[in-house]
Amino acid sequence: MGEGSARPKAAADYKLPELPEALKDMPINEELANSFREKAHKMGYSQAQFELAVGEFLQMAPTLVNAGMQFTEADTVKALKDTWGADYAKNGAAAWRATEQLAEQAGVTAEEIHTQLGNIPAFNKIMAVVGMQLKEDTSVNPGGSSGSNGGEAEAAKIQQSEEFRNPRHPGHAAATARWQAIVNGTK
């Protein structure tokens, strides 16, 4: 098979390569490893070919696992709008309020929220429930000049802006402050 060396005498003779640093502590499922050894042996893999196949897969594994968990901002907004309907702005504001309060206590930065959590619909749904429980019995814009519905609409508009969603945007701090003023009723 291009390697020039023969396969081991038995499938059990294949040795797994060193695991990458990120996977060093990962337990090996011996049943799966032995199944692959058997298949490699039937195909005539040499030890070097076996190591190459396993090594390449191990390098790709984290990307493959994470690929199924990636959500785009647009997908998340659509999923939440489909779920929440007319309550999208109210629930989104509650989710952000809870996330901000809890993140501050946990030492999680706004950038970490945006890059690691913000586009996960299930996370946003959970935070909306938490946010509703954190909220005192006030409207989104109590006593504000634009009224509750206007405040919700304005808050939703700000939330969807690039300034608000991108912590690296030069206008992020101002957009966040405007949004907080609406949500906290200080606008």
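Description of the structure in this document. Keep in mind the model is a prediction, meaning the values are calculated, not measured. (Residues numbered from 1 in each chain as written. Predicted model: local features only at pLDDT ≥ 70, side-chain atom pairs only at ≥ 80, totals over all residues. Heavy atoms only, no water.)

Before going further, it helps to examine the overall build of the protein. When its secondary structure is counted, the protein shows 9 helices and 0 strands. Helices and strands appear in the protein in the N-to-C order α-α-α-α-α-α-α-α-α. Only carbon and sulfur atoms are counted for the fraction: they give 55% of the accessible area of the protein, which is about 11700 Å². (Helix = DSSP H or I, 4+ residues; strand = E, 2+ residues; numbered from the N terminus. Areas by Shrake-Rupley, 256 points an atom, 1.4 Å probe, with all protein chains shown as cover.)

Right, let's talk about the packing of helix H3 (residues 73–84) against helix H6 (residues 121–134) for a bit. H6 packs onto H3 with a crossing angle of 45° between their chain directions and a minimal axis gap of 9 Å. The angle between the axes of H3 and H6 places the two elements in the oblique class. For the pair H3 and H6, the crossing hand works out as right-handed. Along its contact with H3, which presents Thr-76, Ala-79, Leu-80, Thr-83 and Trp-84, the element H6 presents Pro-121, Asn-124, Lys-125 and Ala-128. In terms of residue class, the contact of H3 with H6 is made up of 5 nonpolar, 3 polar and 1 charged. (Axes fitted to C-alpha atoms, helices over the stretch in contact; angles between N-to-C directions. Parallel < 35°, antiparallel > 145°, perpendicular 65-115°, else oblique. Left-handed = near helix turned anticlockwise from the far one by under 90°. Contact = heavy atoms within 4.5 Å. Nonpolar A, V, L, I, M, F, W, Y, C, P; charged D, E, K, R; others polar.)

On to helix H4 (residues 88–106), then. Its 19 residues place the ends of H4 26 Å apart at the C-alpha level, agreeing with the 27 Å of an ideal helix rising 1.5 Å per residue. Listed in full, the buried residues belonging to H4 are Tyr-88, Ala-89, Asn-91, Gly-92, Ala-93, Ala-94, Ala-95, Trp-96, Arg-97, Ala-98, Thr-99 and Ala-103. Downstream of H4 by one or two residues, Gly-107 has phi in the positive range, about 75°. (Expected span 1.5 Å × (residues − 1). Buried < 20%, exposed > 50% of the residue type's maximum accessible area, 1.4 Å probe, protein only.)

Core analysis: the biggest nonpolar cluster contains 11 residues, these being Ala-93, Trp-96, Ala-103, Ile-113, Ala-155, Ile-158, Phe-164, Ala-175, Trp-179, Ile-182 and Val-183. Only H4, helix H7 (147–160) and helix H9 (172–183) provide two or more residues apiece to this core. Of all the elements, H9 adds the most residues to this core, at 4 residues. Counting 9 residues, the second largest nonpolar core, distinct from the first, contains Trp-84, Tyr-88, Met-127 and Ala-128. (Core = buried A, V, L, I, M, F, W, Y, C linked by side-chain atoms within 4.5 Å.)

Together, Leu-16, Met-26 and Ile-28 make up an exposed nonpolar region whose accessible area comes to about 220 Å². Of note, Ile-28 is situated in the segment before helix H1 (30–43). Its relative accessible area of 34% is what places Ile-28 among the partly exposed residues. (Patch = residues over 30% accessible without salt bridge, like charges linked within 9 Å, V, L, I, M, F, W, Y side chains within 5 Å. Salt bridge = Lys/Arg side-chain N within 4 Å of Asp/Glu carboxyl O.)

Close contact between H4 and H9 brings their axes to 11 Å; oriented N to C, the two are set at 110°. With respect to each other, H4 and H9 are oriented roughly perpendicular. Residue-level contacts link Ala-93, Trp-96, Arg-97 and Glu-100 of H4 to Thr-176, Trp-179, Gln-180 and Val-183 of H9. Split into classes, the residues belonging to the contact of H4 with H9 amount to 4 nonpolar, 2 polar and 2 charged.

The quantities given are spatial measurements derived from coordinates; they are silent on function.
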